[in-house]
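Overview (structure and organization)
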2 protein chains.
Amino acid sequence: MTAAPSSLTRKAIIREVGLRDGLQSIATIVPTERKREWLRDAVAAGQTEIEVGSFVPARLMPQLADTEEVLAYAKTLPGLFASVLVPNLRGAERALEGDADLMILPLSASHAHSLANLRKTPDDVVAELGRIRAARDASGRKTLIEGGVGTAFGCTIQGHVEESEVLRLMQALLDAGADRVSLADTVGYADPASVGRLFEKALKIAGDRFCCGHFHDTRGLALVNVHAALQLGVSRFDASLAGIGGCPHAPGASGNASTEDLAFMLEAMGIDTGLHIPALLALRAKVAGWLDGEPTHGTLWRAGLPKTFATPATA
Amino acid sequence: MTAAPSSLTRKAIIREVGLRDGLQSIATIVPTERKREWLRDAVAAGQTEIEVGSFVPARLMPQLADTEEVLAYAKTLPGLFASVLVPNLRGAERALEGDADLMILPLSASHAHSLANLRKTPDDVVAELGRIRAARDASGRKTLIEGGVGTAFGCTIQGHVEESEVLRLMQALLDAGADRVSLADTVGYADPASVGRLFEKALKIAGDRFCCGHFHDTRGLALVNVHAALQLGVSRFDASLAGIGGCPHAPGASGNASTEDLAFMLEAMGIDTGLHIPALLALRAKVAGWLDGEPTHGTLWRAGLPKTFATPATA
């Protein structure tokens, strides 16, 4: 590992979304005990932020029906910051009951995608965030609220999404009480130039409250899009082990940025992720085994680390 | 397509290496008539620079035994700049006889890789370039000479390769009479930070005579490495259709940057490649069919172009 250029962040956080964004698009139901094992191994490999599930109705997403138990277990792991996705106030109430460290409310900047995926307009979601903020404040919990603006670079239903609309909705989420906001390229339409343009404007609006970039590798650009955002000072990125995941409304989507490939890129660049890559690769092999027959992604698991790459002796 | 940021190149050239670097690592022998069809379709899709083969002994690389015929055909295609790889003076003489537009002499900065792959030390290769320059000058041909410095970021045999050694050899190639030089990450060890560091120094040494970056996607970083080099003003990159290729001395190597994915990235960024992506994808499907059973790579062929991507109506 060599020193990073001074303009780049020295440390970055990879937020694991495999247990939520990954598993929600996979038919196989991973038993709760295996999810606990995944969390244990992930923390042992150095992961400190994990999205452990989603408080959606179990009938809609049986893969994540055990989110309450998984969250409860995650809360017992020292040093782990556990987040959950919440689609609405009801989900947020469950996140507050479970004392999640963070709840993420997804908003789709594409009106068509929002109606298809959430059955609400984006502005309805902004209003829901206001109600969630009130509930959080009334609860006495410290659970943070993140407004995640998805389909920020376009969508497969509507096509083009206006940059100004993405930024308007991000500002509206902040005004409605979001502690943080993030941007997601839900369907893999972003490129390094569009990431540079949109993230620069988002950072001007949200400042320190801009917390994360979420990229899908549908067209092979997840890592280069991370690189474009890194250059603006963004230092937290969502990724999923084995690159699992996708969007039910994004046909052909090939998953999230792969955690292990992203960790390799960042560490090779001299950016400290706190992750032990051989331990991540061992966990990847285990999870890929559980998901036998499901599509997995990434390259590092096959090629291995370069001979020139220095890793610490133990996790 | 939107305008590229002013700091980035407005135009870039993707040099096709599928017919050489791609086919040389694939067991299937593609018949000469199909190579002609590949060249025709590639030119129709807008490709203007193609490495058509390698003047190595046919017994060592039967896949490329027809390079003389393929080069002769390439020379009949208007607007095509046809290059060949030459391992030594004998190969260069054949390139001159065939009136290639460019001959590329590969040098491996890793001494161990150089001995294993070329049975020469890097400095022996520099001396050979001097002899090739003399032969070219005596021939009256206009064939350009490129010195390609490979294993520039390390190698699977020796591991670490000193940056200073890479730069020394690049300077030596220029001093020996190379018209141009290029850098190759032969085994997929580069990352955006190491690309930034080495390419910046190489550009200081070679200036306008620095012509090309060659990246392998072994660990998923080919496109992000292109992005790092683009930011320094580099505007020519090697790539192979369907990402075919690899290095016989790089186990697990997963091929070159994929032409179609790279074209998509550049065009999405507003950088003009002159390529018609749907025509490239049609050619990719054809070539993948010829290589039935061989590993191919890339993502765009599966996902398709985004709904938001504007392409010209005809090739």
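Residues numbered from 1 in each chain as written. Chains lettered and ligands numbered in written order. Predicted model: local features only at pLDDT ≥ 70, side-chain atom pairs only at ≥ 80, totals over all residues. Heavy atoms only, no water.

By the naming in an unreviewed UniProt entry, chain A is Hydroxymethylglutaryl-CoA lyase, taken from Variovorax ureilyticus.

1. Comments concerning the interface of chain A and chain B
A common way to express how large an interface is: the accessible area buried when the components associate. Opposite the 37 residues of chain A that make contact, chain B presents 36 residues. Here chain A packs against chain B, burying approximately 2,800 Å² in sum over the two surfaces, 63% of which is carbon and sulfur. Of all residues in chain A, Arg219(A), Lys307(A) and Thr308(A) give up the largest surface area on contact with chain B, accounting jointly for 20% of the area buried on that side. Linking chain A to chain B there are 0 salt bridges. Joining chain A to chain B, the criterion identifies 16 residue pairs in polar contact (both at pLDDT 80 or more). Listed by contribution, the elements that provide at least two residues to the side of chain A that touches chain B are α8 (192-206), α9 (222-230), α10 (259-268) and α12 (300-303) of chain A. Class assignment of the residues belonging to the side of chain A that touches chain B gives a composition of 19 nonpolar, 12 polar and 6 charged. (Contact = heavy atoms within 4.5 Å. Buried area = accessible area lost by both parts, 1.4 Å probe. Salt bridge = Lys/Arg side-chain N within 4 Å of Asp/Glu carboxyl O. Polar contact = N/O pair within 3.5 Å; in protein donor to acceptor, adjacent residues only side chain to side chain. Helix = DSSP H or I, 4+ residues; strand = E, 2+ residues; numbered from the N terminus. Nonpolar A, V, L, I, M, F, W, Y, C, P; charged D, E, K, R; others polar.)

2. Examining the relation of the copies chain A and chain B
Rotating chain A by 180° and moving it 0.0 Å along the rotation axis overlays it on chain B with an RMSD of 0.0 Å. Look at the turn and shift together and you get a two-fold axis relating the two. No C-alpha of chain A approaches the rotation axis more nearly than that of Val224(A), which lies at 2.2 Å. Of the residues that chain A buries at the interface, 97% are likewise interface residues in chain B, meaning the two copies contact each other through the same surface. (Least-squares fit on C-alpha atoms with pLDDT ≥ 70 in both.)

3. Here's the deal with the packing of aromatic side chains
Residues and elements named next belong to chain A. Applying the stated rule across the entire model yields 8 aromatic pairs over all chains. Taken together, a centroid distance of 5.6 Å and an interplanar angle of 55° make the contact between Phe-264 and Phe-309 tilted. A residue pair is termed long-range when its members are at least 10 positions apart, and Phe-264 in helix α10 and Phe-309 in the segment after α12 qualify at 45 residues. Judged by its relative accessible area of 17%, Phe-309 falls in the buried class. (Phe/Tyr/Trp six-rings, centres within 6.5 Å; stacked < 30°, edge-to-face > 60°. Buried < 20%, exposed > 50% of the residue type's maximum accessible area, 1.4 Å probe, protein only.)

4. Structural notes on helix α2 (residues 32-44) of chain B
All names here are of chain B. Helix length check: α2 (13 residues) gives 18 Å between terminal C-alpha atoms against 18 Å at 1.5 Å per residue, within 8%. Regarding α2, the residues found buried are Thr-32, Lys-35, Trp-38, Leu-39 and Ala-42. Buried residues of α2, viewed axially, fall in a sector of 110°; they line one side. (Expected span 1.5 Å × (residues − 1). Arc of directions from axis to C-beta.)

5. Remarks on helix α7 (residues 163-176) of chain B
Residues three or four positions apart in an α-helix share a direction because the helix packs 3.6 residues into each turn. Its 14 residues give α7(B) an end-to-end C-alpha distance of 20 Å, which sits within 8% of 20 Å, the value for a rise of 1.5 Å per residue. Of the residues flanking the end of α7(B), it is Gly177(B), one or two places downstream, whose phi is positive at about 120°.

6. Focus: the packing of helix α9 (residues 222-230) of chain B against helix α10 (residues 259-268) of chain B
Residue and element names in this part refer to chain B. Where α9 contacts α10, the axes come no closer than 11 Å and their chain directions differ by 45°. With respect to α10, the element α9 is oriented oblique. Where α9 crosses over α10, the handedness of that crossing is right-handed. Between α9, through Leu-223, Val-226, His-227 and Leu-230, and α10, the contact on the second element is made entirely by Asp-261, Leu-262, Met-265 and Leu-266. Class assignment for the residues of the contact of α9 with α10 results in 6 nonpolar, 1 polar and 1 charged. (Axes fitted to C-alpha atoms, helices over the stretch in contact; angles between N-to-C directions. Parallel < 35°, antiparallel > 145°, perpendicular 65-115°, else oblique. Left-handed = near helix turned anticlockwise from the far one by under 90°.)

7. Concerning the environment of Val84(A)
Residues and elements named next belong to chain A. Summarising the element assignment, Val-84 is placed in strand β3 (residues 81-85). Using a relative accessible area of 0% as the deciding quantity, one classes Val-84 as buried. Val-84 sits 65 residues away from Leu-19 along the chain, and the two C-alpha atoms are 9.9 Å apart. Ignoring anything within four residues of it in the chain, the contact list for Val-84 reads Glu-51, Val-52, Gly-53, Phe-55, Thr-67, Leu-71, Ala-95, Ala-100, Leu-102, Met-103 and Ile-104.

8. Some remarks on the side chain of Thr143(A)
All names here are of chain A. Relative to the helices and strands, Thr-143 resides in the loop between α6 (122-139) and β5 (144-150). A residue is classified by how much of its surface remains accessible, and Thr-143, at 1% relative accessible area, is buried. Separated by 2.7 Å, the side chain of Thr-143 and the backbone oxygen of Ala-100 make a polar contact. Filtering out sequence-adjacent residues up to four positions away, Thr-143 remains in contact with Ala-95, Leu-96, Asp-99, Ala-100, Asp-101, Leu-102, Met-103, Arg-136 and Asp-179.

9. Quick look at the environment of Glu49(A)
Residue and element names in this part refer to chain A. Structurally, Glu-49 is set in strand β2 (residues 49-54). Since its relative accessible area comes to 7%, Glu-49 is described here as buried. Placed 248 residues apart in sequence, Glu-49 and His-297 show a C-alpha to C-alpha distance of 21 Å. Ignoring anything within four residues of it in the chain, the contact list for Glu-49 reads Ile-13, Ile-14, Arg-15, Glu-16, Leu-80, Phe-81 and Arg-236.

10. Quick look at the pairing of β2(A)
Residues and elements named next belong to chain A. Across the 6 residues that make up β2, a large majority, 6, are buried. Looking at chain direction, β2 and β3 are connected through 5 bridges and run parallel. Residue pairing in the sheet places Glu-51 in a bridge with Ser-83 of β3. The handedness of the β2 to β3 crossover, carried by helix α3 (residues 67-74), is right-handed. (Pairing = 2+ DSSP bridges. Right-handed = clockwise from strand over helix to strand, strands pointing away.)

11. Here we look at the side chain of Asp179(A)
All names here are of chain A. With respect to the secondary-structure elements, Asp-179 resides in the loop between α7 (163-175) and β6 (180-185). Separated by 2.8 Å, the side chain of Asp-179 and the backbone nitrogen of Ile-145 make a polar contact. Residues within four places of Asp-179 in sequence aside, it is in contact with Arg-133, Arg-136, Thr-143, Leu-144, Ile-145 and Arg-209.

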